[in-house]
Amino acid sequence: MELHERIFELALTRSFFLPSNEPYGSAGGFYDYGPIGKLMKSRIENLWRRMFLRDEGFLEVETSIVTPEIVLQASGHAANFADPVVECRVCKARVRGDTLIEERLKEGFGESHGAKWDGKLDTIDRLIRENGIMCPKCKGELAPAAMFNLMFKTGIGGEQAAAFARPETAQGIFTAFPRLFRNHGAKLPMGVAQIGKSFRNEISPRKGLVRMREFTQMELEYFFDPAEQGYPDFAKAADAKMRFQVNGKTEVMSAAHAVKEKVASNEIMAYFLHKEWEFYRKAGIRDTEMYFRVLPKEEVPHYSKGNIDMEVQTSYGRIETIGNAYRTDFDLGAHAKFSKKDLSVFVEARKERIIPHVFEVSMGVDRMFFSILEHCLREKTADKEWEWFDFPPMIAPYPVAVFPLMKKDGLAEKAQDVRGLLRDRFDVYYQEGGSIGKRYAKADEIGCPYALTVDYDTLKDGTLTIRYRNDGKQERIKITDCVAKIEANIAEGKVTL
Ligand code: GAP
């Protein structure tokens, strides 16, 4: 069984995630987070808030999902946000033309046949013809390829003015920017970010959380004066080492070196790459299995002066989990043109108005979540006869469990008191029934790093045991110390005694 298949099974049985609307057969590309997954997803988002917003002094917004057509005409999504689709003449199945060819040529003919698509529909039709590619479902003949816009269309109000579910959260930030700028100091640089749902009507959604039709993005737009390509805190990041892949070659480089060698567009980009590297490590992704891929010119979007993706190795192969783009003044310039409003800002140092440039960090929460599950799953061993998750305490769904050794003799009541003490500060996993060994196993299975057990000594001397998930060892601490102890352990990332 492939690792992603096992993760899917565990996700279902341990309530991490599940297909949406299951009784009705679940449309592809839609997933719900269960109670355990939702807790962990929120922790990932909060860690992002702390590292990318609070630490940097940036602003968080929440903008509308339904977006009028003109906004997406300005951004280029209405015209360009499309994938090539081919339809089977027999069973009417629709598949993505470029991926179908890529997969077929890799499988049947080897990568030397150069399966990368050049963006032309004719090429897809020719390769399908030349290689005898048929419908993957029924082996029927495929009709010529056509472009299919990935946005979900809707209508606003009685007149049904055309609108779409946003394909990225970024556009709402760009359209809110002029007012935010005036209200919040009217000075560049300025960072604005949001977490929210984005929607893409993928032709062939697959690979679980990797290619979804509704997914969560955490996007940060950093507005700056193009004359100032430095980052105020760059010195903090200059020596940080990260792995880059440039022209297919992987090398370790410091942030300063990446700027010097023009691998990163500027200090701003290198600074954020260093933050992303730290963020991923803190969240439990192995740094030996992640790297920044510098996109070659032909892959850089039309609005960008340079793109670098974070890629993570998973059992599906490498997946792009973060897109970094130097978006220049493309978006604000386009919105100024389409809205016929002046979206420039006054820069005191220059004594003139400019359209700010933008550097964007666009992260997908779901792909990151899935990567963490894969990287943190631990096999059964002689000591632990169950598969468990080695989540860093900071993002574990429940950071702490509380168990009474027995339900009787006042132990459950005392354990409830301990739970009450902790509940203000942490989400607490609480279980009374069954053997204590089984309850430890259950806590391990959802990656809970610390379990506090109330026993007969607790009633006598006000102490309890704290058990560490990774080595199963225990120490005795006072109930009055347990909040501080858990807090300190989480901050340290301590998972063994
Ligand atoms: N604003 C720029 C933007 O949206 P993107 O590379 O299209 O850039 C950014 O998306 C991130 O969003 C990706 O790196 C990925 O993590 C996530 N993402 C994109 N499409 C996705 C999908 N269909 N399912 C799950 N996550 C997706």
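Residues numbered from 1 in each chain as written. Predicted model: local features only at pLDDT ≥ 70, side-chain atom pairs only at ≥ 80, totals over all residues. Heavy atoms only, no water.

## Some words on the overall build of the protein chain
Rule in force here: The helix and strand labels rest on DSSP assignments: H or I over at least four residues marks a helix, E over at least two residues marks a strand, and numbering proceeds from the N terminus. Just to be clear, the radius of gyration here is over C-alpha atoms, and the globule rule we use is 2.2 Å times residues to the power 0.38. Exposure categories follow from relative accessible area, calculated using a 1.4 Å probe and restricted to protein chains: below 20% of the type maximum is buried, above 50% is exposed, and the middle band is partly exposed. Note on definitions: a residue-residue contact is assigned when non-hydrogen atoms from the two residues lie within 4.5 Å. Only the protein chains shown count as cover for residues, and the accessible areas themselves come from Shrake-Rupley with a 1.4 Å probe. Charged residues are defined here as Lys and Arg on the positive side and Asp and Glu on the negative side; His and the ends of the chain fall outside this count. Where a charge lies is defined by one atom per residue type: Lys uses NZ, Arg uses CZ, Asp uses CG and Glu uses CD.
Within the protein chain one finds 16 helices and 26 strands. The C-alpha radius of gyration of the protein chain comes to 26 Å, within 12% of the 23 Å expected for a compact globule of 497 residues. Dimensions of the protein chain, computed from C-alpha atoms along their principal axes, come out at roughly 75 × 65 × 55 Å. When each of the 497 residues of the protein chain is scored for burial, the buried share is 52%. Counting contacts in the protein chain only where the partners sit at least 6 residues apart, residues at least 24 apart contribute 66% of the total. Carbon and sulfur atoms form 49% of the exposed surface of the protein chain, whose accessible area is close to 23200 Å². The distance from the centre of the 73 positive side-chain charges to the centre of the 74 negative ones in the protein chain is 1 Å.

## Comments concerning the pairing of strand 9 (residues 161–165)
To keep things clear, this is the line we draw: Each pair of strands is called paired provided DSSP finds at least two bridges between the two strands.
Pairing geometry for strand 4 (residues 66–68) and strand 9, over 3 bridges, is antiparallel. Following the sheet pairing, Thr67 is matched in strand 9 by Phe164. Both strand 8 (residues 153–156) and strand 9 contribute to a ladder of 4 bridges, which runs antiparallel. Looking at strand 9, one finds that Ile156 is bridged to Ala161. Count of turn residues in the strand 8/strand 9 antiparallel hairpin: 4 residues, of which Gly157 carries a positive phi of about 70°.

## Regarding the confidence of the model for the protein chain
The condition that has to hold: The quantity called pLDDT is the predictor's confidence in a given residue, expressed from 0 to 100.
In this model, the protein chain carries an average pLDDT of 94, and 98% of its residues clear a pLDDT of 70 or more. Throughout residues 108–115 the model reports pLDDT below 50, and contacts reaching past four residues in sequence, or to other chains, amount to 6 contacts.

## With respect to the packing of helix 2 (residues 35–54) against helix 12 (residues 365–376)
Just so we agree on the cut-off: The axes are straight lines fitted to the C-alpha atoms, using for helices just the contacting stretch, and the angles between their N-to-C directions are given from 0 to 180°. Angular relationships are summarised with four words: roughly parallel below 35 degrees, roughly antiparallel beyond 145, roughly perpendicular across 65 to 115, and oblique for the angles in between. If you view the pair so one helix is near and one far, a crossing is left-handed when the near helix is turned anticlockwise from the far one by less than a right angle, and right-handed when it is turned clockwise. Residue polarity is assigned by list, with Asp, Glu, Lys and Arg as charged and Ala, Val, Leu, Ile, Met, Phe, Trp, Tyr, Cys and Pro as nonpolar; anything else, Gly included, falls into the polar class.
At their nearest, the axes of helix 2 and helix 12 sit 11 Å apart, and the two run at 110° to each other. When the axes of helix 2 and helix 12 are compared, the pair comes out roughly perpendicular. Crossing of helix 2 over helix 12 shows right-handed handedness. Seen from helix 2, the contacting residues are Gly37, Met40, Lys41, Ile44 and Glu45; seen from helix 12, they are Val365, Asp366, Met368, Phe369, Ile372 and Leu373. Across the contact of helix 2 with helix 12, the residue classes tally to 7 nonpolar, 1 polar and 3 charged.

## Structural notes on the pattern of salt bridges
Short version of the rule: Here a salt bridge means any side-chain nitrogen of Lys or Arg lying within 4 Å of a carboxyl oxygen belonging to Asp or Glu.
Under the definition given, this model contains 37 salt bridges. The salt bridge involving Glu87 is made with Arg94; its shortest N-O contact spans 3.4 Å. Residue Glu445 is joined to Lys442 by a salt bridge in which the shortest nitrogen-to-oxygen separation is 3.9 Å. Linking Glu445 with Lys442, this pair stays in helix 14 (residues 436–445), spanning 3 residues, or about one helical turn. Assessed through its relative accessible area of 17%, Glu445 is described here as buried. Each of the salt bridges in this network shares a partner with another, and the network as a whole consists of Glu168, Arg327, Asp331 and Glu360.

## Remarks on the sheet that holds strand 9
In space, the 3 strands of this open sheet follow the order 4-9-8, with antiparallel pairing throughout. Because the sheet does not close on itself, it has two edges, and the strands there are strand 4 and strand 8. Adjacent strand axes in the sheet meet at a mean angle of 45° when their direction is disregarded.

## Observations concerning helix 7 (residues 170–183)
Let me state the cut-off plainly: The span expected for a helix works out to 1.5 Å for each residue beyond the first. Consider a residue and the seven residues that end there alongside the seven that start there; fitting an axis to each set, the bend is the angle between those axes.
With 14 residues, helix 7 extends 19 Å from end C-alpha to end C-alpha; this agrees with the ideal 20 Å at 1.5 Å per step. At Phe177, helix 7 shows its strongest bend, of approximately 55°, with the proline Pro178 following within four residues. Phi for Gly185, located one or two positions after helix 7, is positive at around 100°.

## So, the nonpolar core
Put simply, the rule is: Throughout this description, the term nonpolar core refers to a set of buried Ala, Val, Leu, Ile, Met, Phe, Trp, Tyr and Cys residues connected via side-chain atoms within 4.5 Å.
Membership of the largest hydrophobic core comes to 83 residues, with the highest contact counts inside it found for Phe244, Phe272, Phe279, Ile372 and Phe391. Other than its neighbours up to four places away in sequence, Ile372 contacts Met40, Ile44, Ala283, Ile285, Phe391 and Ile395. Ranked by size, the runner-up nonpolar core spans 21 residues in total, among them Ala412, Leu422, Phe426 and Ile466.

## Side note on the packing of aromatic side chains
The criterion, for reference: Note on ring pairs: Phe, Tyr and Trp rings are taken, using the six-membered ring of Trp, and paired if centres are within 6.5 Å. Classes follow the plane angle, with under 30 degrees stacked, over 60 edge-to-face and the rest tilted. By definition, being over a ring means that NZ of Lys or CZ of Arg is both within 6 Å of the ring centre and within 35 degrees of the ring normal.
In the structure shown here, the tally under the stated rule is 33 aromatic pairs. With centroids separated by 6.3 Å and ring planes inclined at 80°, the aromatic side chains of Phe403 and Tyr429 adopt a geometry described as edge-to-face. Linking Phe403 in strand 22 (residues 400–404) with Tyr429 in strand 23 (residues 428–430), this pair joins segments that are 26 residues apart in sequence. Assigned by exposure class, Phe403 and Tyr429 land together as buried. An aromatic cluster is present here, built from Phe58, Tyr222, Phe224, Tyr231, Tyr271, Phe272, Tyr326 and Phe359 joined pairwise through their rings. In this structure, Lys384 packs its charged tip against the face of Trp388, placed 3.6 Å from the ring centre.

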